[in-house]
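Architecture at a glance
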Amino acid sequence: LASQCQQCASVSLNNVCTTTCPSTFFVNSSTCQACSSQCTDSCFGATPSECNSCRNFQLGPTCVSRCPVGTYADTTRACITCDAECVACYGPAASQCQAAVTNGPACRRFRRGTTCVATCDALVEFVVNTTQQCQSCSPQCAAAGCSGPLASQCNVCLNYQHQGVCVSACPETHYASPNGTCLPCASECIGGCTGPAASQCVACRNVQRAGVCVPQCSNSSEYVDTARVCQACNSECLNGCKGPLATDCTTCRTWNTQGTCTATCDTSQFFADSGARTCQPCGSECSTQPGGVGCPTSVTACAVCLRVRQNGQCMASCATGL
């Protein structure tokens, strides 16, 4: 029997002489020895690295039952190393990383969107510590980093800073200082300003005096024109006015001549009533020639009569019989 041979002519399989070894065995010193279980059907040695083809996957020269963590199986069932930033993966790209265990991290260091990266860009991103996610700073931040996603978390503002928040423009009630900080306009400004003074308003909330916005004009010496500018009353006005003329005064400083404030009364035509501070016109029968003296003591006490004087009174004509 083949099992009773002292020496086999060809090879021995399980102590029985045979002409050839089965396909899943290899010849080792005239003995058929089983291939590794990882080999498909033939081999040239007993280890998984000596298969002619692999039953499952191939890691380098070695057949394995599954690709280890840190590699993935390509279309030829070869185990290929993942991107260096992946813990595990299902493809070659840094965007194809996955966790090795349930709820574990997919990235070795950081993640930007769906891609694992070695570092976040400290100039335009911050790290969400709980997830190691790279998240963009607010678009209002300059390229100097930030501590969070809000415009109040920029290290440096791209444009301006208003009350601790980076903004694209200062609000209308503020102006931009040289260092980019939004500072408040004067309270009398409306529509913006170019600086802190009431003279730097774009427009005035109330009125303007000599280029400066003010709450109101002086009631005693100014009036407001149609452009909302304080203008000085006529010098003969007292206690205010409604316009620039001597006829616009509330009261007169010295004399009121028929509704017009004057410095003096024209003595050739008026009687100066010092009690009422008014210039009263002389009577119609008084001579009121320029440079003359019309009625120095009363409106009827003419210095010179226009026509005739009778019994001390100026008259248009003498009484009948005279």
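You'll find the structure just up there.
Read on for an overview of the structure. Quick caveat: nothing in here was measured; it's all calculated off a predicted structure.

Thresholds applied
Residues numbered from 1 in each chain as written. Predicted model: local features only at pLDDT ≥ 70, side-chain atom pairs only at ≥ 80, totals over all residues. Heavy atoms only, no water. Helix = DSSP H or I, 4+ residues; strand = E, 2+ residues; numbered from the N terminus. Contact = heavy atoms within 4.5 Å. Phe/Tyr/Trp six-rings, centres within 6.5 Å; stacked < 30°, edge-to-face > 60°. Lys NZ or Arg CZ within 6 Å of the ring centre and 35° of its normal. Salt bridge = Lys/Arg side-chain N within 4 Å of Asp/Glu carboxyl O. Pairing = 2+ DSSP bridges. Disulfide = S-S within 2.5 Å. Buried < 20%, exposed > 50% of the residue type's maximum accessible area, 1.4 Å probe, protein only.

Moving on to the side chain of Ser36. By secondary structure assignment, the location of Ser36 is in the loop between strand 4 (31-34) and strand 5 (57-59). For Ser36, the residues in contact, after removing those within four places along its chain, are Ala46, Thr47 and Pro48.

A separate point is the packing of aromatic side chains. The tally for this structure, following the rule as stated, stands at zero aromatic pairs. A cation sits over an aromatic face here: Arg277 above Trp255, 4.1 Å from the ring centre.

Positioned with a positive phi, Arg228 is a non-glycine residue whose angle comes to about 65°. Examined against the element boundaries, Arg228 turns out to sit in the loop between strand 23 (222-224) and strand 24 (230-232). Notably, Gln258 is not glycine yet its phi reads approximately 50°, a positive angle. Note on placement: Gln258 falls in the loop between strand 27 (255-257) and strand 28 (260-262).

What the rule picks out here adds up to four salt bridges. Note that Arg112 and Glu125 form a salt bridge whose closest N and O atoms lie 2.7 Å from each other. Of this pair, Arg112 sits in strand 11 (residues 110-112) while Glu125 is found in strand 13 (residues 125-128), placing the two residues 13 residues apart along the sequence.

Sheet topology note: the strand 29 (residues 270-273)/strand 30 (residues 278-281) ladder contains four bridges and is antiparallel. In the strand pairing of strand 30, Phe270 is matched with Pro281. The hairpin turn running from strand 29 into strand 30, its antiparallel successor, is four residues long, and Arg277 in that turn takes a positive phi close to 55°.

The next point concerns the side chain of Thr278. Counting through the fold element by element, Thr278 comes out in strand 30. With residues near it in sequence (within four places) discarded, Thr278 still touches Trp255, Asn256, Cys265, Phe271, Ala272 and Asp273.

Right, let's get into the state of the cysteines. In the structure shown here, the tally under the stated rule is 25 disulfides. One disulfide bridge connects Cys8 with Cys17, the sulfur atoms lying 1.8 Å from each other. Negative torsions about the S-S bond denote left-handed disulfides, and the value of about -85° found for Cys8 with Cys17 makes this one left-handed. Residue class for Cys17 comes out buried when judged on its relative accessible area of 17%. A disulfide bridge connects Cys237 with Cys249, and the sulfur atoms are separated by 1.8 Å. Measuring handedness by torsion sign, the sulfur bridge of Cys237 and Cys249 sits at about -70° and is left-handed. One end of the pair, Cys237, is in strand 25 (residues 237-241); the other, Cys249, is in strand 26 (residues 249-252), with twelve residues separating them in the sequence. Each of the two residues, Cys237 as well as Cys249, counts as buried. Considering cysteine sulfurs only, Cys305 is the nearest to Cys318, which forms no disulfide, with 10 Å between them.

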